[in-house]
Structures are given as structure tokens and as C-alpha cells.
Amino acid sequence: LFDFANDSPTPQKLITFQQLLLHKLRNGVRTKLEAAGLLMGFPFDIKLCREAPVKDEPDAVFAGKRLGCPGVIYGFVEEQTNQFKSLVSFTVPSEQPLTDHASDVSSSDLSSLIQPNQEVGGPYLAFSSFVLGRLHLDAGHTNLAMKCFRYAQTTAPGSRMAEQSEIILKQVQQNSPAGKLAPVGGPPP
């Protein structure tokens, strides 16, 4: 999670907002991924980084590769006449970067932008499980990776992470040795 760009004249409020969001994401995402059986002892953490400003996808790719982050969360908070608006983005800094966005949230209270009364869901979970799926795939844990990609599809159907998960699932299934086996006593595939 990188510092949010902002146009707010009250930086302390923004710092509080980011700390609350970090707390919510760390606890909520980890809890959901553990409950779904996706972590299985795999190290997974969401950290705050203030060293590198991230404002757009190229910044996210650069920072992610430079810091060795498998995923980057960043955003913008805008203040408009007693109203705050946030836009959160998620980027997987790969060869072909993959970026998705959470829905815009508006409120007169900056801390309400993190939606404290709602559980972490949708795009946050799809992004986290997609990133975790890629990590499992790289580690050779194909079954867990496939489970992560399916979870990404169910937590944010129609999102870019869900669409990319579908592509990866098809590739894994096509490359699976089990898919090349012929049924015993049946016709060849």
C-alpha cells in the first residue's frame, strides 16, 4: 500500500485514513484468505510504503519491481467542497502489467472512505487472491494457485483480475498432464 496522492490541505487526516485502510486490509484480507484455505502457511502481508510515490500504473510497475512487491495498491484522495472522494487502484507489476480499480467512494468524512462498517471484499480480495495465486504458481503449488484464481473470480466477477484468472486457469488446465490422459476403456480424446 503506497501513500495516496491527494489535494487535501490536511495531511494528518490523510495519514490517519491510510493507517485505518492498512489496518482494515491487513486484517480483513488475511482473515478472508485464511478462511478460504488459500494461505496454507504462505507468507502474505500488506505493508505501507512511503518511500516511493505512486500515482499511476507506470509508477506502480516501477515501484513494484524495484521493491520486489508482487502487487501494488495505490490511489488518490480528492477533497471537493466538504466532500472527499477516493479512487483505489491495484497493479500487478508483471511483464504485461495488470491494473484494476475499486469503485469510487465519496463521503463528507475522510475516515468513512474506508467503509469501516463493511468487511473487506470485492476488488481488494480479488486482487489479493490473484497475487497470491501467482505466488503459489511460481512456487509450484498448482492446486492452491488454481483455488486462488477461482476465488478471485467469485469475489469480483467481471473484474480484470477475474478475467485474467480465467485465462490462467485455462492455461494451467491445458498444460496439465492429467488432461492428456485417455479414459481407461474409452475412446481416445
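Bear in mind that the values here come from a model prediction, so they are computed numbers and not experimental data. (Residues numbered from 1 in each chain as written. Predicted model: local features only at pLDDT ≥ 70, side-chain atom pairs only at ≥ 80, totals over all residues. Heavy atoms only, no water.)

A. Up close: the packing of aromatic side chains. With the rule as written, the count across this model stands at three aromatic pairs. For the ring pair Phe-90 and Tyr-124, a centre distance of 5.2 Å and an interplane angle of 90° mean the geometry is edge-to-face. Here the residue Phe-90 occupies a position in strand E3 (residues 83–92), and Tyr-124 occupies one in helix H3 (residues 122–138), the gap between them amounting to 34 residues. Residue Phe-90 is classed as buried on the basis of its relative accessible area, which comes to 1%. (Phe/Tyr/Trp six-rings, centres within 6.5 Å; stacked < 30°, edge-to-face > 60°. Helix = DSSP H or I, 4+ residues; strand = E, 2+ residues; numbered from the N terminus. Buried < 20%, exposed > 50% of the residue type's maximum accessible area, 1.4 Å probe, protein only.)

B. The arrangement of the packing of H3 against helix H5 (residues 160–175) in detail. One way to put it is that H3 packs onto H5 with a least axis distance of 10 Å and a crossing angle of 25°. Considering the angle they form, H3 stands roughly parallel to H5. Judged by the twist between their axes, the crossing of H3 over H5 is left-handed. Of the residues in H5, those touching H3 at Ala-126, Phe-127, Phe-130 and Leu-137 are Met-161, Gln-164, Ser-165, Ile-168 and Val-172. Among the residues forming the contact of H3 with H5, the class breakdown is seven nonpolar, two polar and no charged. (Axes fitted to C-alpha atoms, helices over the stretch in contact; angles between N-to-C directions. Parallel < 35°, antiparallel > 145°, perpendicular 65-115°, else oblique. Left-handed = near helix turned anticlockwise from the far one by under 90°. Contact = heavy atoms within 4.5 Å. Nonpolar A, V, L, I, M, F, W, Y, C, P; charged D, E, K, R; others polar.)

C. Examining the pattern of salt bridges more closely. Per the counting criterion, the structure on display carries four salt bridges. The residue Asp-45 makes a salt bridge to Arg-26 at a minimum N-O spacing of 3.4 Å. Here Arg-26 lies in helix H1 (residues 11–35) and Asp-45 lies in the loop between H1 and helix H2 (57–67), a separation of 19 residues in the sequence. For Asp-45, a relative accessible area of 46% translates into the label partly exposed. Across the pair Glu-166 and Lys-170 runs a salt bridge, and its minimum N-O distance is 3.8 Å. In this pair, Glu-166 and Lys-170 are both assigned in helix H5, four residues apart and thus about one turn of the helix distant. Overall, the relative accessible area of 46% leaves Lys-170 in the partly exposed class. (Salt bridge = Lys/Arg side-chain N within 4 Å of Asp/Glu carboxyl O.)

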